[in-house]
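Structural characterization, general
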Amino acid sequence: MEAQRAQEIMNSPKMITVTHNGTSVYIEHVDQQQGTATVHPLDNPDEKQNVSVSSLQER
């Protein structure tokens, strides 16, 4: 995924399914300059991690 698309998904009023390594995640923040996103698994909001947006997949 590209950073711009991750930003669009994050700002969307609709729930768009995104996965990271097979786990459904919620995108909290996108850093377009660094090409990273702060995400957490849908079932564990306390497990935040920074990942490359290229490792995110839209379902």
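Structure report, in brief.

Analysis parameters
Residues numbered from 1 in each chain as written. Predicted model: local features only at pLDDT ≥ 70, side-chain atom pairs only at ≥ 80, totals over all residues. Heavy atoms only, no water. Salt bridge = Lys/Arg side-chain N within 4 Å of Asp/Glu carboxyl O. Helix = DSSP H or I, 4+ residues; strand = E, 2+ residues; numbered from the N terminus. Buried < 20%, exposed > 50% of the residue type's maximum accessible area, 1.4 Å probe, protein only. Core = buried A, V, L, I, M, F, W, Y, C linked by side-chain atoms within 4.5 Å. Contact = heavy atoms within 4.5 Å. Arc of directions from axis to C-beta. Pairing = 2+ DSSP bridges. Axes fitted to C-alpha atoms, helices over the stretch in contact; angles between N-to-C directions.

**Some details on the pattern of salt bridges**
Counting across every chain of the model gives 3 salt bridges. The closest approach of N and O atoms between E58 and R5, which form a salt bridge, is 2.7 Å. Placement of E58 in strand β5 (residues 56–58) and of R5 in helix α1 (residues 3–11) is noted, with a sequence separation of 53 residues between them. Residue classification places E58 among the partly exposed positions, given a relative accessible area of 39%.

**Comments concerning the nonpolar core**
Ranked by size, the top nonpolar core spans 12 residues in total: A3, A6, I9, V18, V25, I27, V30, A37, V39, V51, V53 and L56. Beyond its immediate sequence surroundings of up to four residues, V30 is in contact with A3, A6, Q7, M10, T36, A37 and V53.

**Examining α1**
Listed in full, the buried residues belonging to α1 are A3, A6, Q7 and I9. Mapping the buried residues of α1 onto a view down its axis gives an arc of 165°, with all of them on the same face. At its buried positions, α1 is contacted by β1 (18–20), β2 (23–31) and β5.

**Examining the sheet that holds strand β3 (residues 36–41)**
Spatial strand order, β4-β3-β2-β1-β5: 5 strands in an open sheet with antiparallel pairing. In this open sheet, the two strands that pair with only one neighbour each are β4 (49–52) and β5. Between one strand axis and the next, the sheet turns by 50° as a mean value, whatever way the strands run. With 4 bridges connecting them, β3 and β4 associate as antiparallel partners. Its bridge partner lying in β4, A37 is registered against V51. The strands touched by α1 are β1, β2 and β5; relative to β2, the strand with the most contacts, the crossing angle is about 105°.

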